[in-house]
Amino acid sequence: MDLNIYDFTSFTKWIDTSLHEMMSPFWVTACEMTIIGVAILAFYAVVGLYLVYAERKICGFMQNRVGPNRVGPFGFFQTIADLIKLLIKELVIIKNADKFLFNIAPFIIIITSFLAIAAIPFAKGLHAMDFNIGVLYVMAVSSMGVIGILLAGWSSNNKYSLIGAMRSGAQIVSYELSVGLSLITMVILAGSMQLSAIVDGQAHGWFIFKGHIPAFIAFIIFIIAGTAETNRGPFDLAEAESELTAGFHTEYSGIKFAFFFLAEYMNMFIIASIAATVFWGGWQPLWISGWDSFNHVMAWIPPFIWYISKTAVVIFIMMWFKWTFPRLRIDQLLTLEWKYLLPINLFNVLLMAFIVLKGWHF
Amino acid sequence: MTDLIQEIEQQEYIINMGPQHPSTHGVLRLVLSLKGEIVKNVEPHCGYIHRGIEKMCEKLTYQQIIHLTDRLDYLSAHINNAAVCLLVEKALGIEVPERVKYIRTIIDELTRIASHQLWWCSFGMDLGGLTCFFYGLRDREHILDIFEETTGGRLIQSYYTPGGLMKDIHPNFQKRVKDFIKYFRKILPEYDQLLTGNVIMQARSKGIGKLSLEDAISFGATGPSGRGSGFACDVRKLHPYHLYDKVNFKEILYQEGDTFARYKVRMDEMWESMSIIEQLIDNIPEGDFTAKMKPIIKLPEGEYYQRVEAARGEFGVYILSKGDKYPYRVKFRSPNFSNLSILNTIVPGQKIADLVAIGGSLDYVIPDIDR
């Protein structure tokens, strides 16, 4: 076996064949699923915790503060300490709440964000599931999170929660369209819905450069709609602490609250991953036609680093939104989607189709 | 079935906003009747922080009353103190030294800037822009440091006494105030960049919560809330006290009467306050920091009223004296109480998010409402 950081295919193949030598195919599948599950779970936890830390640090710097700096060097273990605190906190039981729905809502949210990670290519060959309808799968799974939010708001027996949940329902269902259409624009350019094929297609130039203006418009719309879908930034109407105290998760405490919190950050990570994969070439290095030595240097940087740094840039942009803009009002939010983003998007799809048809893209 | 639908449609969704709520700025309770997101009716319930200050004043001497006025509108503490001091001085016919007038004017204007800075913080936060909060507090800190050095307190200082000041200004005072003005003139455009010019902020505030001039006058909405509707109600211009008849300043008036107009009034007032301070800071004359006063002040029998322009509007003190060392009856006319009363006129028909923005632009301080 040789562990190649530029191509994980041989490594994963080696695990597969060596497991096949040891046990029957059924147990091989079971074993591989467990390994992938544990690996993704660990990745999920680490990313979730450190996104919270990153947000607190970044917002601290934007607000003339230091951010967490007591637990560990630069407050590096602050979120872990917070997690332990949340784990040992009491779970307050709400009178007259719908117990079953109330308890199941955080799990629905966290499971949907967990499912979406499975389809994301982290590096060459490092890919839990390579669906041929990868883009569709990610969208389908991530839009299920709204069910958890609606249930949480409905079952809490709290008027603020209900308003928050209803807002969130209207918001996510609307912005789902923009996310979908902007991805479809890129699917037209890529000619495939398979995420690995989309990434491979960007080996010689990322789609945002290849696709002319429509790709750029699609990227901007995707970032706006993606931020809205994660209930963040200027679109955090479902939580809106100055209006609805905490919106749909007002009544949640302890680790159930942490589930909502973690899911929000993971949704942001997923949206950023998709943006990086579809528009910025995923794990593909920067490639400029004719600059051979430059391309060699870029290719020397491992794919996983490329993927993570692109995702980090998108996440930073989303955090930047959140800490700069005031919040929109619900009618302005829906106006933005239905009157501006959606028509632009529909036109953009047509434009992209025309450009691809004519072969005008690079 | 149609009856049932009609009945459900007529039902209102009633929520209690407060007494514990992030955007009521204290323990104010608003009972909202909602129709979806739209507010049909707002009913403010005050009294959660009623301390009976007016009644307490009846058993306190005039010097002691000063300390209670701090606890009304704690963000314009000095201006409230000044009202009582001016009233006592007027009743006794005392002329305070020129130096005191200069210092009082400068400190009143610094208080106004500090108060408007905090208003800007919380207005930004009400709209959901959390970064504003830290920017505003960072700059307010400079003023509080100046106050701390001179008066010994940061929020409630009780610096004025009938006849003058508690003690003289700190030797650094003039230099630090000048440094602050220089610093804040550079920083204030940054506030505009962050919030005023923002598309979302403008969409959230323009045309929202329109208060007509007639309503502003009939409800007695004063201060920036009234001036945003074109109501020229600046006590500094109408009944000058301190040195306001000697300095040059504009009364900021906007005609629109919406949330954005009230916002702009406050932003412009900060510039005006800075220019007032700049006119005075270099010319503070030498002299006593207090007039000669008797240790026990007894107001002659009669009724007295003194009004000043606090950061949120006209603050008035009414004292009925029977010639004792205690007042017989005290009444404070607090600006926030009148400003709160316009809420049910301008909010119905707007959304919950607008209610929060309007509340932020009226800038109420709850201890001042309940007293």
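The following refers to the structure shown. Computed from a prediction, not measured in an experiment: that's the story for all the values here.

## Considering the sheet that holds strand E2 (residues 29–35) of chain B
Strands belonging to one sheet form pairs held by backbone hydrogen bonds; the direction of such a pair is parallel or antiparallel.
All names here are of chain B.
Phase 1: Sheet architecture is open: 3 strands sit in the order E1-E2-E3, paired in antiparallel fashion. Two strands in the sheet have a free side with no partner beyond their single neighbour: strand E1 (13–17) and strand E3 (38–45). Here the strands of the sheet are splayed against their neighbours by 20° on average, with no regard to which way each runs.
Phase 2: For E1 and E2, the ladder comprises 5 bridges, and the chain directions are antiparallel. Counted as the bridge partner of Asn16 is Val31 from E2.

## Things to note about the interface of chain B and chain A
Phase 1: Facing the 26 residues of chain B at the interface are 22 residues of chain A.
Phase 2: Contributions of two or more residues to the side of chain B that touches chain A are made by E1, helix H5 (98–127), helix H6 (130–151), helix H8 (199–205) and helix H15 (352–362) of chain B.
Phase 3: Class assignment for the residues of the side of chain B that touches chain A results in 13 nonpolar, 7 polar and 6 charged.

## Some thoughts on the nonpolar core
Phase 1: The biggest cluster of nonpolar side chains holds 185 residues, and the ones touching the most others in it are A:Met186, A:Ala272, A:Ala275, A:Phe279 and B:Val308.
Phase 2: Per-element accounting of this core gives the leading share, 17 residues, to helix H12 (residues 254–279) of chain A.
Phase 3: Ignoring sequence-local partners within four residues, the contact set of A:Ala272 consists of A:Thr311, A:Val314, A:Ile315 and A:Met318.

## So, the pairing of E3(B)
Residues and elements named next belong to chain B.
Phase 1: The pairing of E2 with E3 spans 7 bridges and is antiparallel. The partner of Ser33 across the bridge, within E3, is Asn41.
Phase 2: What sits between E2 and E3 in their antiparallel hairpin is a turn of 2 residues, with Gly36 showing a positive phi close to 65°.

## Side note on the sheet that holds strand E6 (residues 302–310) of chain B
All names here are of chain B.
Phase 1: On the basis of which strands lie adjacent, the open sheet formed by 3 strands has the order E6-E7-E8 and antiparallel pairing. Looking at which strands have only one partner, the edges of the open sheet turn out to be E6 and strand E8 (329–333). Strand after strand, the sheet turns through a mean of 10° between neighbouring axes, direction not considered.
Phase 2: The sheet contact formed by E6 and strand E7 (residues 313–321) spans 9 bridges and is antiparallel. Looking at E7, one finds that Val308 is bridged to Phe315.
Phase 3: In this fold helix H4 (residues 77–92) packs onto E6 and E7, with an angle of close to 145° to the strand it touches most, E6.

Rules used in this analysis
- Residues numbered from 1 in each chain as written.
- Chains lettered and ligands numbered in written order.
- Predicted model: local features only at pLDDT ≥ 70, side-chain atom pairs only at ≥ 80, totals over all residues.
- Pairing = 2+ DSSP bridges.
- Helix = DSSP H or I, 4+ residues; strand = E, 2+ residues; numbered from the N terminus.
- Axes fitted to C-alpha atoms, helices over the stretch in contact; angles between N-to-C directions.
- Contact = placed C-beta atoms within 7 Å.
- Nonpolar A, V, L, I, M, F, W, Y, C, P; charged D, E, K, R; others polar.
- Core = buried A, V, L, I, M, F, W, Y, C linked by C-beta atoms within 7 Å.
- Buried ≥ 20, exposed ≤ 12 C-beta atoms within 10 Å, placed from the backbone.

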